[in-house]
Structure formats: C-alpha cells, structure tokens
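# Results of the structural survey
Here are the chains, one letter per residue:
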Amino acid sequence: MSKADKMLSILWQLRARQRVTAKQLAESLEIHVRSVYRYIDALCASGVPIVAEAGPNGGYTLLPTFRESPLFFDLEEQKALVHAAAFARENGYPFGEALDRAIGKLKRYANEEQQETLARHAAGLDVIAGAGGEDIGEMLQRIETAVADSRTIRIVYVKGYAGPTETRDVDPYGLVVWRSRWYVVGYCRLRQAVRSFRTDRIQSCETTEDGFVRPADFSAREFFMKFLLPEGGGPDDESFVTVRLRGTARAIDDVCLHWLFSQSLAERTGKEAVFRMDAQWVRHYVPYTLIAYGTSIAVVEPLSLVEDVFSVLDRLRPHYENMRGDLAGR
C-alpha cells in the first residue's frame, strides 16, 4: 500500500468514526505508530482539520463541517452529479430533499471558480421527461423503504383506466422507472405470482408487519422488460392490443417519440415498431394520429385499427365537404 493509499485510508477511518487513536490506526493499517503520526501531520499540512485530544479517552477526530464535505470529486464528477440530479428530479425521484442537500454540499464546498463552472453546466442542460400525474413522492419513499427492509406492502390498486379497485398484498422486490413512469415489481399474494404495478394507479399504500425473502439473483429490470406491461396488460388481457407499424425510418422514429405511443413501445427495428396499447386508446385516439402521417406509415396489425381509420375518414369526409361548400358559398 502506497503512502497516498495509507493517508486516504486514515482519512476514511476518521470520517467513519467519532474518535480513533493512533494505535487503532496503526493496527488496522499494519504500520508503526510513528508512521501514523507522520501521515496525520501530512494530512494536517494539506488542510484537513484533524483535532488531536490527549488523555485516556483521547484520539483523533475530524471537525464536523469537514466530515460532511463531499470528498474526492473532481470538477467533471461534480458536473456529472449536478446533471444526474436534473434527470432524477424530472423523473419524480422520491428523495428530492436529500438530493438537494447533496448538491448543496457540492456547491458549498466548491471554490468560486468551481461554482461558476458548475452554474454554467447546470444552466446548459434542461430535462423534460414529463413524469406526469400527481405527486407520489411520499408513497415512492415508503415503497423503496419496504423494498430495502423486505416488508410486505398493502396497496389499493386501480385496474386499467378508471377501472375497479382491488386491495393487494405485495412483496416489493424493486422499483423500475420506464419512460418517466414508476413501477413496483413484486410478488402479488392475491395472484400468487410476480407482477408489476404502475405506482400512479396505487391509491394508497401501507407497510405491513409481514416480511419476505427476495429471490436470489432476481432482477426487477429483467422481469419488467420481459413482460413490459403492468399487471393487467399481459398477452391474454383483452384490454390491451398489439399494434405493429411499418414505415420510413424517420416516420417510425417520430411515432416512437410521440406521447401517445412512447409509453407503450415494446419492440423497435429500423422501419418497424411494436406497441402494447390500451384497446380504448387504440380505437379512439390512434386513428387520428396515424392519419397525420399520411402514406409514410402503414399498419401491419391489427386489422381493426385499419377499419377504425376508415371509419374516421368516412366521418371526416362529409364534415369537410360541407365545410368546403359553406366557405365556397360565401
């Protein structure tokens, strides 16, 4: 271990403990006590505020203000943290207050030049994720804590859009953010299977006294990406349909970014995209959106969507013919 590594180790031990003696440091690093004294002197010379207290209960401590400072972040790392915070806030990160405190420490302990640089980089990045919905930060905090503590939650869940509510006991295995929406993945005791639930459809959530053991090597991300949709949107659920579109690469890119489709993208290739969408949305909204793309988009499936587009065109044609007649007769 190099001298720099030993000094860094001493510094981390001082931060992690209220008080530590030279003997304790020497034993943990397997070095002589005199070497500890030299390293402490070198740290003090570099500006680290180490306080030495003599006596039976003495030892070395750090000043509280220095203990809270964000150590060892260079300017690029600080910039990355500020940018990451912007992404987290826009996506409804539930521990926003703690995040703001952390960024506040970065700025508080930065010098004037660093503060000016961080301000320029922060002002140059805007994130518009559009998480939508009402504030669910408190509920997300409760769920995240339940995940970490392996505690079962009891939720009141709304199925579909304005559907019936059900009370579920869920063993939460993890939280997933997908396209600016939060989902909790866990074992549903009612269905006796792993399910995912959209958190904006959870009306209430409470932590129970029951515990659970999370399956070894379980990945909430892998489960979610495999099934993609929240509970109630599986392949046998008639409330969801598969929409497959084909077109020019530019048109498909645009469709995938459209607010109506972006939350439902299941698969994407160069000139084709597959979506799993609520059947009511497909019937009432998708036809109007596809008409705007003209001949640059073709519907591969389902046939019902093509029929719905025809129905919309049949209704629009006489409407605009009458409009043309009225305008021409003026």
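In this text, all values refer to a predicted model and were calculated from it rather than measured experimentally.

Pairing analysis gives 6 bridges linking strand E3 (residues 151–158) to strand E4 (residues 165–178), with the strands arranged antiparallel. Across the sheet, residue Ile153 finds its bridge partner in E4, namely Val170. Inspection of the sheet shows E4 paired to strand E5 (residues 181–188) by 8 bridges, in the antiparallel sense. Each residue of the ladder has a partner; that of Val170, found in E5, is Cys188.

Take the pattern of salt bridges next. By the definition in use, this model includes 18 salt bridges. Of the charged contacts, one joins Arg19 and Glu53 as a salt bridge, the two residues approaching to 3.2 Å between their closest N and O atoms. A residue pair is termed long-range when its members are at least 10 positions apart, and Arg19 in the loop between helix H1 (3–16) and helix H2 (22–29) and Glu53 in strand E1 (residues 50–53) qualify at 34 residues. Using a relative accessible area of 36% as the deciding quantity, one classes Glu53 as partly exposed. Residue Arg89 is joined to Asp100 by a salt bridge in which the shortest nitrogen-to-oxygen separation is 3.1 Å. Of this pair, Arg89 sits in helix H5 (residues 75–90) while Asp100 sits in helix H6 (residues 96–108), and the two are 11 residues apart along the sequence. Take Arg89: its relative accessible area is 43%, and that puts it in the partly exposed class. Overlapping salt bridges bring together Arg244, Arg246, Glu272 and Glu301 as one network.

Right, let's get into helix H14 (residues 303–328). Taking 1.5 Å per residue, 26 residues should reach 38 Å; H14 reaches 37 Å between its end C-alpha atoms and fits that length. Burial in H14 covers these residues: Leu305, Asp308, Val309 and Val312. Residues of H14 that are buried sit in contact with strand E8 (240–247), helix H12 (279–284), helix H13 (286–291) and strand E11 (297–301).

Attention now moves to H1. Since there are 3.6 residues in each turn of an α-helix, residues three or four apart along the chain are aligned in direction. The terminal C-alpha atoms of H1, which comprises 14 residues, lie 20 Å apart, in line with the 20 Å expected from a rise of 1.5 Å per residue. Residues of H1 that are buried include every one of Lys6, Met7, Ile10, Leu11, Gln13 and Leu14, and no others. All buried residues of H1 project into a common sector of 165 degrees when viewed along the axis, lining one side. Exposed side chains of H1 directed beyond 90 degrees from the buried face belong to Ala4 and Ala16.

Once that is clear, we can look at the nonpolar core. Of all hydrophobic cores here, the largest spans 19 residues; its most connected members are Leu245, Phe261, Phe275, Met277, Val286 and Ile297. Secondary-structure elements contributing two or more residues to this core are E8, helix H10 (249–257), helix H11 (259–262), strand E10 (272–278), H13 and H14. If one sorts the elements of this core by residue count, H10 sits on top with 4 residues. Dropping the residues within four chain positions of it, Met277 is found in contact with Ser239, Phe240, Val241, Val243, Leu260, Phe261, Ser264, Val282 and Val286. Of all hydrophobic cores here, the second largest spans 18 residues; its members include Val20, Ala22, Leu29 and Val36.

Sheet architecture is open: 5 strands sit in the order E6-E5-E4-E3-E7, paired in antiparallel fashion. Of all the strands in the sheet, just strand E6 (193–198) and strand E7 (202–211) have a single pairing partner and so form its edges. Within the sheet, the average angular offset between the axes of one strand and its neighbour, ignoring direction, is 45 degrees.

Among the structural elements, Glu90 can be located in helix H5. Given the relative accessible area of 29%, Glu90 is considered partly exposed. Through-space distance from the C-alpha of Glu90 to that of Val127 is 6.5 Å; in sequence the pair is 37 residues apart.

The peptide bond linking Glu301 to Pro302 adopts the cis configuration, its omega dihedral lying at 0 degrees. Mapped onto the elements of the fold, Pro302 is located in the loop between E11 and H14. With a phi close to 60 degrees, Glu30 is a non-glycine residue in the positive phi region. For Glu30, the position within the fold is in the loop between H2 and helix H3 (33–45). The phi dihedral of Asp217 falls on the positive side, at around 65 degrees, and the residue is not glycine. Its relative accessible area of 79% is what places Asp217 among the exposed residues.

Turning our attention to the sheet that holds E8. The strand order across the open sheet built from 4 strands is E9-E10-E8-E11, with neighbouring strands paired in antiparallel fashion. The open sheet has two edge strands, strand E9 (265–268) and E11, and neither has a second partner. If you compare each strand with its neighbour and ignore which way they point, the axes differ by 25 degrees on average. As paired strands, E8 and E11 are joined by 4 bridges and run antiparallel to one another. Note on E11: the bridge partner recorded for Arg244 is Glu301.

Each value, and the rule that gives it
Residues numbered from 1 in each chain as written. Predicted model: local features only at pLDDT ≥ 70, side-chain atom pairs only at ≥ 80, totals over all residues. Heavy atoms only, no water. Pairing = 2+ DSSP bridges. Helix = DSSP H or I, 4+ residues; strand = E, 2+ residues; numbered from the N terminus. Salt bridge = Lys/Arg side-chain N within 4 Å of Asp/Glu carboxyl O. Buried < 20%, exposed > 50% of the residue type's maximum accessible area, 1.4 Å probe, protein only. Expected span 1.5 Å × (residues − 1). Contact = heavy atoms within 4.5 Å. Arc of directions from axis to C-beta. Core = buried A, V, L, I, M, F, W, Y, C linked by side-chain atoms within 4.5 Å. Axes fitted to C-alpha atoms, helices over the stretch in contact; angles between N-to-C directions.

All we've got here are geometric facts, nothing functional implied.
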